[in-house]
Amino acid sequence: MTSKIVSWWLLILFIANGWWCCNSCWKEERTALLQLKANINYKIAGDYLLSWVANETSDCCRWDGIVCSNKTRRVTELSIIVEKINQEEQFSTLNGTNTDDSILENWLFNASLFIPFKNLKALLLPELSLDGWAKNEGFEKLRRLRKLETLDLSGNNFNRSIFQSLSELSSLKSLNLSNNNIGSGAKTWPPPSASLNILGSERLTGLDKLEILDLSLNYLADENVLSALELNTSRTALKKLDIRYNTFRSFIPNEELGALRNIKYLLLDGNTLDENFLRSSGVMSYLKVLSVAQCNLNGNLPLQGLCDLKYLEELSLSRNSFTGKIPTCLGNLTFLRVIDLTQNQFTGNIASSPLSSLLSLEYLLLANNNFEIPISFESFANHSKLKFIIADYNSLIVQTSPKSWIPKFQLEALSLFNCSQMPSFLHYQHHLRLLCLSNCNIGGDFPNWLLENNSRLGEVYLDGNAFTGSLQLPFLPNLKALDISNNKIQGKLPLDIGSIFPNLVMTTMSHNMLEGLLPSSFADMKNLACLDLSYNKLTGDLPIAFAREGSKLYFLRLSNNTLKGEIFPVSATINNFEYLYLDRNNFSGPIPQKLSTAPLRTLDLSYNKLSGNIPAWLGNISSLTSLALSRNHLKGHIPPDYCRLQGLEVLDLSENNLVGAIPSCFSSFRDLNRVYLSKNKLQGNFNMFSNSDLEVLDLRYNNFSGSIPKWLGTTLGITTLLLKGNHLQGNIPTELCLASRLRILDLAHNNLSGPIPRCFGNIMQKDIVIEAYPYSGSFGHTGFETFGGDAMIDVGTSISSSSITLFEKNYAWVGAEFTTKHNTYSYEGSIVDDMFGIDLSCNQLSGQIPKELGNLTILRALNLSHNHLTGAMPSQFSNLQNIESMDLSYNNLTGRLPTQLLELTTLGVFTVAHNNLTGRTPQLSAQFATFNESSYEGNPFLCGLPLHTSCMETKELPMSPPGPDYCEEDTGFLDMESFYISFLVAYANVVLVVIVVLWVNPYWRNVWFYYVESFMYSCYYFFASKM
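Presented here is an overview of the structure given in this document. Sequence order sets the numbering: in each chain, residues are counted from 1 along the sequence as written. Confidence filtering applies because this is a predicted model: local features only for residues at pLDDT of at least 70, side-chain atom pairs given and counted only at 80 or more, and all residues used for totals across whole chains, interfaces and linings. Just so you know, side-chain values use all the structure's heavy atoms and leave hydrogens and water out.

### Some details on the nonpolar core
Inference 1: Take the buried residues of types Ala, Val, Leu, Ile, Met, Phe, Trp, Tyr and Cys, join any two whose side-chain atoms come within 4.5 Å, and each joined set is a nonpolar core. Between buried and exposed lies partly exposed: a residue is buried under 20% and exposed over 50% of the maximum accessible area for its type, with that area taken using a 1.4 Å probe on protein chains only. Counting 246 residues, the largest nonpolar core has Leu 142, Leu 290, Phe 522, Phe 686 and Phe 689 as its most contacted members.
Inference 2: Contributions of two or more residues to this core are made by helix 2 (27-39), strand 1 (66-68), strand 2 (75-79), strand 3 (107-109), helix 4 (162-166), helix 6 (277-280), helix 7 (448-453) and helix 8 (497-500).
Inference 3: Membership of the second largest hydrophobic core comes to 25 residues, among which are Ala 367, Cys 436, Ala 529 and Ile 799. A run of H or I in DSSP counts as a helix once it spans at least four residues, and a run of E counts as a strand once it spans at least two, with each numbered from the N terminus.

And the structure:
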């Protein structure tokens, strides 16, 4: 009886306890959670973990990050995930001084705060800026939580000492320590070489139940894996090991792989593996996932080992240096669904490779190899599971099929760079999310049908083709990126394009033949950030909607169209633009002051019809790094307000009507590297640029005076120096010879005197650093669609690398104008990197031509004409193997022409006219057979063809050669304002003289009126007879 009573009481207590606990968490655990919340150290004030409240009625099992047992209502999983601070909060609360996007200060782990959770199975503390632990409160204290199986400490700041503390947690089955400071302490990849040292010698030991271990992104630089991890080789439970992006110096196959014989998932990216690793990998017979990307592996794939992994489902060999064909035995991996061979040197035709027999394939990633890839992909027709094909930068071949076929696959992503024709199987695809057919030169009408068939499209890249016709765009609600630039698309843009692509983030349609008005509905795209419609035929005004309040559009490029009117009316709200390119249009009027409210980094309004004084308020836009206002009708002085633009890198004010001196406060500029002020009326000196790290200085056709500054030689990075058409005088400073990276030097049309420095043979000698045009940083999007969620290896990187769209931070004109071959050329873009020229013509230089100029073997143009140079032409000029134009005319040169000149096979223009050369002209062979008499005329004692003077005749040598007393302007540049004024004055004088003569002399007046009357009657009868 007593036992029954006890049983009933136990049953009642159990029911009561169960009824109570099933409705709320345990009180002591709620209290512990609130203490934990109070212990978290925030940088800024705010409400975080809002659901964690001190309210007796609040069930902590429903709090964010908390999971409780359905039976006991005990906390079994505790996760603290703090959101990142957004950029706006960062600037508003931290004044932009902190670049870290975490809202947490470094704080110390306290194990006692977690001990109350007796039933805790999973503790997740990622990216909390944990920086160690309080005294005597390390992780070893968590061994009292005997049910703890999962611990996530990723993205914190723990060092290697944590290994010893964690080794006490023998119950752990899953441990994530990725992205900490366990190794070098440098959270960059690759880490600095100086940091590749072993910080401590602690090892993870005693975790015999561990099944999952993630040590990725810690830059551990141990000799091998076993020096950081002790495994029980007799009964290891480890199934997944992720040590990607460490710097282990070796990976011993026999010893370490033997310890991993039961492993199923092995991720080793970014480590240095033994050359025999793949050959020995067969010992891991249960392996399902193997990733060895970027592991410095090379050579052919082995025939044994890798091919023995019969259960393998995912394989990444990307970013190595493998060569040769894929071994046939790889076809035995019948479970393989993901293969990433990106960025190797594999060869062979994939149609006949074992890849075509792997019917389980879903991801086929082959970009950046030497494969032969049939565009038809007919050999993969039966691969019904195939979803992703990325095959950029291979040899795509066209194969004609004797019969039509319908693919069984439905792709989600396809990228074929330079494919030459439209793949026929695309007519049967309806699930595409990413489509990239860039630089394929495909002709015909724009494939509107392709967009219409695939309503899920999120990214479309069809740039670099030859598509024609007009755009008949379907509704694509998921489209975020569209690139159809560099085609031949015609017609008008749909006026309702904003509703067709409502979620578009970036688009570039540049370099087409689009015409008509610029649709204002672009402003209806709420997320539009980057828009490039440059190099088309768009007309009309700039829609005011582009400057609406709340717009996300920060990159707008409308260059090279025929847009007109004001840039933005006064009522516009301009507070979003960072990069604004409106150059090469027909905009007129003043530059709107509303632009001063925008956070502009680049402003390019060049090649328009803007007028008025150059705005001083532009100096208030402190964020500006590039300002281009060239070829407008701006006037006035350069405002001293521009000295506030301390971050300015490019300044282009050329071809306006600017006067006065350059503000001396420009001397405070440090980052300024490209200055274009040519064809104005500036005067004074330009010593204010002496503190800038100049690369290009273009001051042509101004009124600068004085001598060439010596500090130009200390500007070691200068590549282009253009001082033509000023009033500079004095000697050429020898300090200029220190500019070893100089490509183009133009000092013509000045009053320079003295000899040409012999050390000029030292310029252009340093290895030229070729910069990527347009010489500025770029930004862009590496893909909007998310791929690889069902894959363990990193396929996202290989897929997104095929859909990178870059927008340059500076499209401002950064070339150079230079006169060669009797013409002035504009070297723009990357072409300027191939131009090397010196023009010292039209000065008062004297002395001999330095033979050291023959050291400039990369020189393409040399003009020393119209000076007073003497002596013989150096024979060393035969070393100028790249010279295309050489002009030594109108000097006082004597002696014979070197016979070695015949070795110059690239010479297109050559003249030594009007000197006092003697002897025979070069033999009419090779390039010299193309030069006529004008190349040698004015040398009375020079003989031989093409001159009409026979070398059999003898003449007395003159005592002194005839020298010219003028210098023709090679460029034809003319001060048009002076020309118009003088023409009008002369015309008015002629009219006035005629009137005065007719007034004074009655006879001439009668004769004049007689002829005028006769002419009028003649015209009347002529037209009357024609009617």
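Moving on, there is more to tell.
### A short note on the packing of aromatic side chains
Inference 1: Here a pair means two rings of Phe, Tyr or Trp (six-membered ring of Trp) with centres within 6.5 Å. Their orientation is stacked below 30 degrees between planes, edge-to-face above 60, and tilted elsewhere. Evaluation of the coordinates by the stated rule reveals 27 aromatic pairs.
Inference 2: Seen from their ring centres, Phe 346 and Phe 371 are 5.9 Å apart, and the 15 degrees between their planes marks the pair as stacked. Taken as a pair, Phe 346 in strand 16 (residues 345-346) and Phe 371 in the loop between strand 17 (363-365) and strand 18 (372-374) lie far apart in primary sequence, 25 residues in all. In this structure, Phe 346 and Phe 371 share a single accessibility class: buried.
Inference 3: Between the aromatic rings of Phe 555 and Tyr 579, the centroid separation amounts to 6.1 Å while the plane-to-plane angle is 45 degrees, which identifies the pairing as tilted. Of the two residues, Phe 555 sits in strand 29 (residues 555-557) while Tyr 579 sits in strand 31 (residues 579-581), which places them 24 residues apart along the sequence.

### What to know about empty space enclosed by the protein
Inference 1: The rule is simple: put a 1 Å grid over the protein atoms alone, call a set of points where a 1.4 Å probe fits but cannot get out a cavity, call an open set with protein on both sides within 12 Å along at least five of seven lines a pocket, and count a residue as lining if it has an atom within 4 Å of a point. Grid points are joined across faces, edges and corners, and a volume is the space filled by probe spheres set on the points. Taken as a whole, this structure holds 6 cavities of 30 Å³ or more when the rule is applied.
Inference 2: The volume enclosed by the second largest cavity comes to roughly 100 Å³.
Inference 3: Partitioned by chemical class, the residues of the lining of the second largest cavity number 5 nonpolar, 5 polar and 3 charged. Any residue outside Ala, Val, Leu, Ile, Met, Phe, Trp, Tyr, Cys, Pro, Asp, Glu, Lys and Arg is labelled polar, Gly included; the first ten of those are nonpolar and the last four are charged.

### Let's talk about the pattern of salt bridges
Inference 1: Salt bridges, as used here, are contacts in which a Lys or Arg side-chain nitrogen is within 4 Å of a carboxyl oxygen on Asp or Glu. Inspection of every chain in the model, using the stated rule, returns 23 salt bridges.
Inference 2: Linking Arg 74 and Glu 29 is a salt bridge whose minimum nitrogen-to-oxygen distance equals 3.6 Å. One end of the pair, Arg 74, is in the loop between strand 1 and strand 2; the other, Glu 29, is in helix 2, and 45 residues separate them in sequence.
Inference 3: With a shortest N-O distance of 2.8 Å, Arg 674 and Glu 695 are connected by a salt bridge. Note that Arg 674 is positioned in strand 39 (residues 674-676) and Glu 695 in the loop between strand 40 (681-684) and strand 41 (696-698), a separation of 21 residues in sequence. You'll find Arg 674 and Glu 695 in the same group, each marked buried.
Inference 4: Within the structure, one salt-bridge network assembled from shared partners comprises Glu 314, Arg 337, Glu 362 and Asp 790.

### Re the state of the cysteines
Inference 1: Throughout, a disulfide means two cysteine sulfur atoms within 2.5 Å of one another. Here the structure, examined in full by the defined rule, presents 6 disulfides.
Inference 2: Put simply, Cys 61 and Cys 68 are joined by a disulfide, and their sulfur atoms are 2.1 Å apart. On the sign convention where negative means left-handed, the S-S torsion of about -95 degrees between Cys 61 and Cys 68 marks this disulfide as left-handed.
Inference 3: Two residues share a disulfide in this structure: Cys 737 and Cys 759, whose sulfurs sit 1.9 Å from each other. Residues Cys 737 and Cys 759 are joined through a disulfide that is right-handed, its torsion about the S-S bond being 60 degrees. Residue Cys 737 is found in the loop between strand 44 (727-730) and strand 45 (744-746), and its partner Cys 759 is found in the loop between strand 46 (751-754) and strand 47 (778-781); the two are separated by 22 residues along the sequence.
Inference 4: Exposure remark for Cys 759: the relative accessible area of 23% places this residue in the partly exposed category.

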